[in-house]
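Secondary and tertiary structure notes
In case you want the letters, here they are:
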Amino acid sequence: MNKYKVLLTHPLPADWLASVSGEVDWVVGPDNCMGISPEVKACLPEVDGILSFLCDRISGEHLATAGKLKVISNYAAGTDNIDLAACSRQGIAVGNTPGALTDATADLTLALMLTLLRQLPQAAEAARKGDWKMWYASRWLGEGLRGAKLGIVGMGKIGSEVARRASGFGMEIIYTGRNPKPEIESELSARYAKLQELLAVCDIVTLHAPLTQETHHLINETTLKLMKPNSILINTARGAEVETSALVRALKEGWIKAAGLDVTDPEPLPPDHPLYAFSNCLILPHIGSATISARRKMAEMACANLMAGLRGEALTHCANPEYKEQLK
Ligand code: DGY
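Per chain, residue numbering runs from 1 following the sequence as it is written. For a predicted model such as this one, the threshold for reporting local features is a pLDDT of at least 70, and the threshold for listing and counting side-chain atom pairs is 80 or more; totals across whole chains, interfaces and linings nevertheless cover every residue. Side-chain descriptors were evaluated using all non-hydrogen atoms of the structure, hydrogens and water having been removed beforehand.

Okay, helix H12 (residues 292-310) next. Every helix listed is a DSSP run of H or I at least four residues long, and every strand listed is a run of E at least two residues long, numbered separately from the N terminus. By definition here, a helix of n residues has an expected span of 1.5 Å times n minus one. Helix length check: H12 (19 residues) gives 27 Å between terminal C-alpha atoms against 27 Å at 1.5 Å per residue, within 8%. A simple rule labels every residue: compare its accessible area, found with a 1.4 Å probe on the protein chains alone, to the largest value its type can have, and call it buried under 20%, exposed over 50%, or partly exposed in between. Among the residues of H12, Ala294, Met298, Ala299, Met301, Ala302, Cys303, Asn305, Leu306, Met307, Ala308, Gly309 and Leu310 are the ones counted as buried.

This is the structure we're talking about:
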């Protein structure tokens, strides 16, 4: 049987791919390398499919050389790394993995809030350094979640799970997005507000919208200045939703109290970046979906999308359904 030739842009554990490996000849790109490497680029004309990572920017220029390509299966829920319009024009299906990482990312969002509010890194570092001589009544004092106002920007799958968790902690939920979500409001007594109002009243603001032209730099100098000086910004969505230079100024000049970032712009954030200088800015290397079960589920969904696209069948999760127009 002829196998499909598929580019896996970076390695994944073999057992996560085992269900399809009998039908696929993998061409595997390098580890520890951001984006499409020259070797990977060189094999684009030969491949029937691509299993890509969110750090691979796949542009119209790449697609122009990929004459046999039928499907790009992104190992992520977000597809902002792929030129979807160019894929549709070429009749290439793009798959993604929504839902697989919802719980993992919502959990991490709460972890960032608690870590910042309770100063966990500072307290742990003090203990490690031997700066723990007694039980202190007034050191490493933080704040609790009960009664705090949480502003959720984007009440989709992840935003809703954050809301459920936050509601369990006794937080007051205010949210914004394209449209109000009556079902969430009746389930959790959450309230819809315009972004400006949400920023002005919330103690913690957390981003869960996809990266689009509308959400690019949604958090900028103007919007950061609307936030309360004692408030915290959390971003587990996409780095470019926050204008990094404005955030640096916000932290330096005290427009907000702290930031917890699982995503940054650029990504990875270089080790000498000014954001690392702030002890009130917690930066993680994009680990929102990094639980074993989420990453396995993502692999399962990505493989299913890949095989459907290779066989010319409908993808279970397709980010550009209009690609079919080109195949008629
Ligand atoms: C995604 O899948 O879009 C996430 O950012 C991965 O962590």
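Moving on, we come to the domain arrangement of the chain. An automatic or database domain assignment provides the domain bounds reported here. Entries for the chain in the domain assignment read domain 1 (4-98 + 292-327) and domain 2 (102-283). The gap between the C-alpha centroids of domain 1 and domain 2 is 32 Å. In what follows, a contact means two residues having at least one pair of non-hydrogen atoms within 4.5 Å. The partner domain 2 presents six residues to the six residues of domain 1 that form the contact. Summing both sides of the interface, domain 1 and domain 2 together bury roughly 470 Å²; the carbon and sulfur share of this comes to 60%. Buried area adds together the accessible area that both of two parts lose upon being put together, with accessible area traced by a 1.4 Å probe. Considering only the surface of domain 1 that becomes buried against domain 2, Met34, Leu54 and Asp80 emerge as the three largest contributors, covering 69% of it. For salt bridges, the criterion is a side-chain nitrogen of Lys or Arg within 4 Å of an Asp or Glu carboxyl oxygen. Inspection of the domain 1/domain 2 interface yields one salt bridge. One salt bridge connects Asp80 with Arg238, and the closest N-O pair in it is separated by 2.9 Å. The term polar contact refers here to a pair of N or O atoms within 3.5 Å; inside protein, the definition further demands a hydrogen-donor-capable atom paired with an acceptor-capable atom, and it admits residues adjacent in sequence only when both atoms are side-chain atoms. Remark: the boundary between domain 1 and domain 2 carries one residue pair in polar contact (both at pLDDT 80 or more). By residue class, the composition of the side of domain 1 that touches domain 2 is four nonpolar, one polar and one charged. For this scheme, ten residues count as nonpolar: Ala, Val, Leu, Ile, Met, Phe, Trp, Tyr, Cys and Pro. Four count as charged, namely Asp, Glu, Lys and Arg, and the remainder, Gly too, count as polar.

The subject of this paragraph is the pairing of strand E6 (residues 149-153). Burial analysis of E6 places four of its five residues in the buried class, the great majority of the element. With five bridges joining them, E6 and strand E7 (residues 172-176) adopt parallel strand pairing. Bridge pairing in E7 places Lys149 opposite Glu172. Crossover handedness is defined by viewing with both strands directed away from the observer: a clockwise path from the first strand over the helix to the second marks the crossover as right-handed. What joins E6 to E7 is helix H7 (residues 157-168), and the crossover it makes is right-handed. Being paired, for any two strands, means DSSP has found at least two bridges between them.

Read across the sheet, seven strands follow the order E8-E7-E6-E9-E10-E11-E12 without closing on themselves; strand pairing throughout is parallel. Because the sheet does not close on itself, it has two edges, and the strands there are strand E8 (191-192) and strand E12 (281-283). Strand direction decides the pairing type here: E6 and strand E9 (residues 204-207), joined by four bridges, are parallel. Residue Val153 lies in a different strand from E9, and its bridge partner there is Leu207.

Okay, the packing of helix H5 (residues 102-117) against H7 next. Throughout, an axis means a line fitted to C-alpha atoms (over the contacting stretch in the case of helices), and angles, computed between N-to-C directions, take values from 0 to 180 degrees. Running from amino to carboxyl end, H5 crosses H7 at an angle of 50°, the nearest separation of the two axes being 9 Å. One element, H5, and the other, H7, form an angle in the oblique class. Here the hand of the crossing between H5 and H7 comes out right-handed. Within the contact between the two elements, H5 uses Thr102, Asp103, Thr105, Ala106, Asp107, Thr109, Leu110 and Met113 and H7 uses Lys157, Ile158, Glu161, Val162 and Arg165. The residue makeup of the contact of H5 with H7, split by class, is five nonpolar, three polar and five charged. Angles below 35 degrees are treated as roughly parallel, those above 145 as roughly antiparallel, those between 65 and 115 as roughly perpendicular, and all remaining angles as oblique. What makes a crossing left-handed is the near helix being turned counterclockwise from the far one by less than a right angle; a clockwise turn instead makes it right-handed.

For Phe, Tyr and Trp, where Trp contributes only its six-membered ring, two rings pair if their centres lie within 6.5 Å, and the inter-plane angle classes them as stacked under 30 degrees, edge-to-face over 60, or tilted in between. The final tally for this structure, using the stated rule, is three aromatic pairs. With 5.5 Å between their ring centres and 90° between their planes, Tyr136 and Trp140 make a pair best called edge-to-face. We count a charge as sitting over a ring when the NZ of a lysine or the CZ of an arginine lies within 6 Å of the ring centre and within 35 degrees of the ring normal. Sitting over the face of the ring of Tyr136, Arg139 holds its NZ or CZ atom 4.7 Å from the ring centroid.

What follows concerns the site of the ligand. Whether a residue is near a molecule or strand depends on its heavy atoms: if one lies within 4 Å, it is near. Every residue close to the ligand is listed here: Leu54, Ala76, Ala77, Gly78, Leu101, Arg238, His286 and Ser289. Contact distances for the ligand include 2.8 Å between an oxygen atom and a side-chain N or O atom of His286. Between the ligand and Ser289, the relevant distance is 2.9 Å, taken from an oxygen atom to a side-chain nitrogen or oxygen of the residue. Compared with its free state, where it exposes 240 Å², the ligand has 93% of that area covered by protein. In this analysis, the protein atoms alone were mapped onto a 1 Å grid. Cavities are point sets where a 1.4 Å probe fits without being able to get out; pockets are open sets with protein on both sides within 12 Å along at least five of seven lines; lining residues have an atom within 4 Å of a point. To be counted as sitting in a cavity or pocket, a molecule needs more than half of its atoms within 2 Å of that site's grid points. Taken atom by atom, the bulk of the ligand overlaps the largest pocket. Split by residue class, the shell around the ligand holds four nonpolar, three polar and one charged. Only the protein chains shown count as cover for residues, and all accessible areas are computed by the Shrake-Rupley method using a 1.4 Å probe.

We now examine empty space enclosed by the protein. Grid points are joined across faces, edges and corners, and a volume is the space filled by probe spheres set on the points. Under the defined criterion, the tally for this structure stands at two cavities of 30 Å³ or more. Reported here for the largest cavity is a volume of approximately 60 Å³. Residue lining of the largest cavity: Asn235, Gly239, Val242, Thr244, Leu247, Leu261, Val263, Thr264, Asp265 and Leu275, and that is the complete set. Partitioning the lining of the largest cavity into residue classes produces five nonpolar, four polar and one charged. Surrounding the second largest cavity, Ile36, Leu44, Ile50, Ile58, His62, Leu63, Ala66 and Leu69 form its lining. Here the lining of the second largest cavity is composed, by residue class, of seven nonpolar, one polar and no charged.

A word on the sheet that holds strand E3 (residues 49-52). By way of backbone hydrogen bonds, the strands of a sheet pair with one another, either parallel or antiparallel. One open sheet holds the five strands; their spatial order is E2-E1-E3-E4-E5, and the pairing between them is parallel. The strands lining the two open edges of the sheet, one partner per strand, are strand E2 (24-28) and strand E5 (93-95). Neighbour-to-neighbour, the strand axes of this sheet turn through a mean angle of 20°, independent of strand direction. Here four bridges tie E3 to strand E4 (residues 71-74), and the two strands are oriented parallel to one another.

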